[in-house]
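# A look at the structure
Chain residues, written in single-letter form:
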Amino acid sequence: MREEIKVVHVGLGPLGSRIARHILNERTGIGYVGAIDILPEIVGKDLGEVIGAGRKLGIKVSDEPKKLFEETKPDIAVYTTTPFLKDILPQIEPAIKSGVNVISTCEQLAFPYFRDKKLTKKYDELARKNKVTVLGTGINPGFLMDVRPTILSAACTEVKRIEVIRRMDASPRRKPFQKKIGVSMKPEEFKKALKEGKITGHVGLEESICLIADALDWELDVVRVEEVEPVIAEEEVSSQFYTAKRGQVKGTKQEAYGIVNGEERIHLFFTAFLGATPSFDEVRIEGTPEIEAKVSPCWHGDDGTVAMVVNLIPVVINSPPGILTMNDIVPISFKSGDMRRFVK
Ligand SMILES: NC(=O)c1ccc[n+]([C@@H]2O[C@H](COP(=O)([O-])OP(=O)(O)OC[C@H]3O[C@@H](n4cnc5c(N)ncnc54)[C@H](OP(=O)(O)O)[C@@H]3O)[C@@H](O)[C@H]2O)c1
């Protein structure tokens, strides 16, 4: 058997720490050789201490990616730093140039061609030149509102329309998630914070629509995303981190559509708020057969993301170089139109 899979973790916030604790405490044949963050308070500290592993690991958190990659030569770097493509691409450059594969929870990296085709192509070339694989994944985007319906469509002989509904109880989610959906804000504060980019709501509905359309080879005329709307508390509701009093924001709802040949063929409906009951993840496919696949209660977004990232580490290491999407990793779906288009 090969030697242990060597990992460097970049971005030790709540999600990164959770992934690191999971790898260290629950997996074998994989381990850390380094860690990176930019927060001055944690740089130089022991990784075990920073992630709350309950023990020291003898690995100091660094803020010098290039140096660390060259010294430790990991198989893969796990990036949990940002939802935005414009930020993640320069961040992963030192890993790519050092020949290190990358897996990231960056939502906009899940289908980077949507935000910036030219820049994505440039990084794809860089990745190929350095023989490394780069993948953006997670629970959503990465599975629930894109890969899951796509896989289900593979067992259909016809697909006319796909609808995905995620109704999530946000109470058990990590603090940054509850913050980004505006929990405990007054409605006017919520609108202002959204406008100023201080909160974002869920990021990635556009990428999920593109992933579905790309898998089925539906040519999108438009990806339309409605404004993020607040869900207002009718009575006080609390989580470990926030309390939303009556009249305050307890979460958000967002809708997005993929228009193909003038018709709405993809519809995503995302709701997340404290105390959402029932909570569920549902896929409806209009086609042959008609599909209604409901998982309830909803998938836990943080546990699901940890699982997606860790379970895909070997897959990324084994995959061909370049900037990949989940459609390269899971290439099964309903194939519309001329079948020759799917043969490379
Ligand atoms: N695809 C999915 O399904 C999915 C699911 C969950 C989360 N996510 C994404 O995963 C990311 C991590 O989540 P989180 O809640 O842990 O976020 P977070 O609290 O923002 O943590 C990010 C961490 O990365 C650090 N960082 C930022 N830029 C860096 C850089 N250039 N180099 C090294 N470290 C850097 C941050 O430091 P500072 O605090 O100093 O900025 C912080 O410690 C988020 O972007 C989130 O949107 C995706």
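So, how was this worked out
As a convention, each chain's residues are numbered from 1 in the sequence order in which they are written. Owing to the predicted nature of the model, reporting of local features is limited to residues with pLDDT of at least 70; listing and counting of side-chain atom pairs is limited to 80 or more, with chain, interface and lining totals taken over all residues. Here, nearness is defined through the C-beta atom: a residue counts as near a molecule or strand if that backbone-placed atom lies within 6 Å of it. The numbering of helices and of strands both runs from the N terminus, where a helix is a DSSP run of H or I of at least 4 residues and a strand a run of E of at least 2. Polar here means any residue other than Ala, Val, Leu, Ile, Met, Phe, Trp, Tyr, Cys and Pro, which are nonpolar, and Asp, Glu, Lys and Arg, which are charged; Gly is therefore polar. At least two DSSP bridges between two strands are needed for those strands to be called paired. Throughout, a residue-residue contact means that the two C-beta atoms, derived from backbone geometry, are no farther apart than 7 Å. Place the viewer so that the strands point away; then a crossover is right-handed whenever the path from the first strand over the helix to the second strand goes clockwise. Remark: nonpolar core denotes a set of buried Ala, Val, Leu, Ile, Met, Phe, Trp, Tyr and Cys residues whose joining runs through C-beta atoms within 7 Å. Neighbour density around each residue's C-beta defines its exposure: 20 or more other C-beta atoms within 10 Å make it buried, 12 or fewer make it exposed, and counts between make it partly exposed, where C-beta atoms are placed from the backbone. In this document the domain limits rely on a domain assignment from an automatic tool or a database.

### Details of the site of the ligand
Inspection of the region around the ligand gives 27 residues, with Gly11, Gly13, Leu15, Thr105 and Gly138 positioned closest. Those elements that place two or more of their residues in the shell around the ligand are α1 (14-26) and α10 (301-318). Among the elements that line the shell around the ligand, the one with the most residues is α1, at three residues. Classifying every residue of the shell around the ligand gives eleven nonpolar, 13 polar and three charged.

### Quick notes on the sheet that holds strand β6 (residues 133-136)
Strand order in the open sheet formed by seven strands is β3-β2-β1-β4-β5-β6-β16, and the pairing between neighbours is parallel. Looking at which strands have only one partner, the edges of the open sheet turn out to be β3 (61-62) and β16 (322-324). Two strands pair when backbone bridges link them, and strand β1 (residues 5-10) and strand β2 (residues 30-36) are joined in this way by six bridges, in the parallel orientation. Residue pairing in the sheet places Lys6 in a bridge with Gly31 of β2.

### Description of the environment of Gly142
As for its placement among the helices and strands, Gly142 is situated in the loop between β6 and α6 (147-153). Separated by 69 residues in the primary sequence, Gly142 and Leu211 place their C-alpha atoms 8.8 Å from one another. With residues up to four places along the chain from it excluded, the contact list for Gly142 reads Ala110, Thr137, Val147, Met308 and Met326.

### Looking at the pairing of β1
Remark: the β1/α1/β2 crossover connection has right-handed handedness. Taken together, the four bridges between β1 and strand β4 (residues 76-79) define a ladder with parallel strand orientation. Note that in β4 the partner of Val8 across the bridge is Ala77.

### With respect to the environment of Pro321
You can see Pro321 is positioned in the loop between α10 and β16. A C-alpha to C-alpha distance of 8.4 Å links Pro321 and Lys129, two positions 192 residues apart in sequence. When residues no more than four places from it in sequence are discounted, the contact partners of Pro321 are Ala127, Arg128, Lys131, Val132 and Thr133.

### With respect to the nonpolar core
Core analysis: the largest hydrophobic core is formed by 90 residues, its most contacted members being Ala77, Val78, Val102 and Ile103. For this core, the leading source of residues is helix α9 (residues 205-216), giving eight residues. Here this core gathers at least three residues from each of two domains, domain 1 (5-138 + 305-329) and domain 2 (147-298). In this structure Val78 touches Val7, His9, Val10, Ile19, Ile103 and Val309, once residues within four positions along its chain are discounted.

### Topic: the pairing of strand β14 (residues 280-288)
Where strand β7 (residues 158-169) and β14 come together, nine bridges link them in antiparallel fashion. Paired with Arg166 across the two strands is Asp281, which belongs to β14. By the bridge criterion, five bridges tie β14 to strand β15 (residues 291-295) in an arrangement that is antiparallel. Bridge pairing links Val283 to Ala293 in β15.

### Some points on the domain arrangement of the protein chain
When its domains are assigned, the protein chain resolves into domain 1 (5-138 + 305-329) and domain 2 (147-298). Domain 1 and domain 2 are separated by 26 Å when their C-alpha centres are compared. Elements represented by at least two residues in the side of domain 1 that touches domain 2 include exactly α1 and α11 (326-329).

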